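# An overview of the molecular structure
In case you want the letters, here they are:
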Amino acid sequence: MTEIQGVEGVCVGGCVRKLNRMVTAIYDGALAGAGLKTSQFSVLVSVANRKRARPAELTELLQMDESTLSRNVDRMCARGWLRLVRDADRRSHLIEVTEKGQVLIRKSLPAWQKAQAEVSKRLGTGTVAELRSALRKLSA
């Protein structure tokens, strides 16, 4: 039993997951008024920034598994925020943001900015910079 007593407080994975839940709660709270979750906002913005995106590109970019992305995209298509278009080779599809999705992004941006400012204020700019650095290191 003694071996595991120290795990809870020092496990990097557990700490990062807890941090993720806490940060996500702040963003989800801010975006709730627009009917969006943080994960959906991330997908919308990522697709909008690329005009059209392949699912494999998004899974890599967002570090999201295929089934989670697919579920999010299906829900967002059903709400009219995204649409699937056939790729030129006709074997795959691309994802693009609809006009309704573009309007939602613009409407949600102030709420996202508020959440961004809140998290940045609570963590401090040094910690935010360290988080970005840690992400770059793990991505390398």
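Here's what I pulled together on the structure shown here. (Residues numbered from 1 in each chain as written. Predicted model: local features only at pLDDT ≥ 70, side-chain atom pairs only at ≥ 80, totals over all residues. Heavy atoms only, no water.)

## Notes on the pattern of salt bridges
On inspection of all chains with the given rule, the structure shows seven salt bridges. For Glu118, the salt bridge identified is with Arg122, shortest N-O distance 3.4 Å. Of the two residues, Glu118 and Arg122 are both situated in helix H7 (residues 99–123); the distance of four residues between them amounts to about one turn of the helix. Taking the relative accessible area as the measure of exposure, Glu118 reaches 28% and is therefore partly exposed. Residue Arg122 is classed as exposed on the basis of its relative accessible area, which comes to 58%. Counted as one network, the salt bridges with shared partners bring together Arg52, Arg83 and Glu96. (Salt bridge = Lys/Arg side-chain N within 4 Å of Asp/Glu carboxyl O. Helix = DSSP H or I, 4+ residues; strand = E, 2+ residues; numbered from the N terminus. Buried < 20%, exposed > 50% of the residue type's maximum accessible area, 1.4 Å probe, protein only.)

## Considering the nonpolar core
Core analysis: the largest hydrophobic core is formed by 21 residues, its most contacted members being Leu36, Val43, Leu44, Val47, Leu82 and Val97. Elements supplying a minimum of two residues to this core: helix H4 (38–48), helix H6 (66–78), strand S3 (93–97) and H7. The leading source of residues in this core is H4, at five residues. In contact with Val47, other than residues within four places in its own chain, are Arg52, Ala53, Leu58, Leu82, Ile95, Glu96 and Val97. (Core = buried A, V, L, I, M, F, W, Y, C linked by side-chain atoms within 4.5 Å. Contact = heavy atoms within 4.5 Å.)

## A short note on the state of the cysteines
For the structure on display, the rule yields zero disulfides. In this model Cys11 remains outside any disulfide bridge; the closest cysteine sulfur is found in Cys15, 8.5 Å from its own. The class for Cys11 is partly exposed, based on a relative accessible area of 35%. (Disulfide = S-S within 2.5 Å.)

## Structural notes on the side chain of Gln40
Tracing the chain through its elements places Gln40 in helix H4. For Gln40, the side chain forms a polar contact with the main-chain nitrogen of Lys37, separated by 2.9 Å. In contact with Gln40, other than residues within four places in its own chain, are Gly35, Asn72, Met76, Arg79 and Trp81. (Polar contact = N/O pair within 3.5 Å; in protein donor to acceptor, adjacent residues only side chain to side chain.)

## What about the pairing of S3?
Judged by how many residues are buried, S3 sits mostly within the fold: four of five residues are covered. Judged from the two bridges that link them, strand S1 (residues 52–53) and S3 form a sheet pairing that is antiparallel. Residue Arg52 lies in a different strand from S3, and its bridge partner there is Glu96. Pairing analysis gives five bridges linking strand S2 (residues 82–86) to S3, with the strands arranged antiparallel. Looking at S3, one finds that Leu82 is bridged to Val97. (Pairing = 2+ DSSP bridges.)

## Quick word on the packing of aromatic side chains
Considering all chains together, one arrives at one aromatic pair under this definition. When the ring of Phe41 is compared with that of Trp112, the centres are 6.3 Å apart and the planes differ by 20°; the resulting orientation is stacked. Of this pair, Phe41 sits in helix H4 while Trp112 is found in helix H7, placing the two residues 71 residues apart along the sequence. On the basis of relative accessible area, Phe41 is assigned to the buried category, the value being 6%. Given the relative accessible area of 27%, Trp112 is considered partly exposed. (Phe/Tyr/Trp six-rings, centres within 6.5 Å; stacked < 30°, edge-to-face > 60°.)

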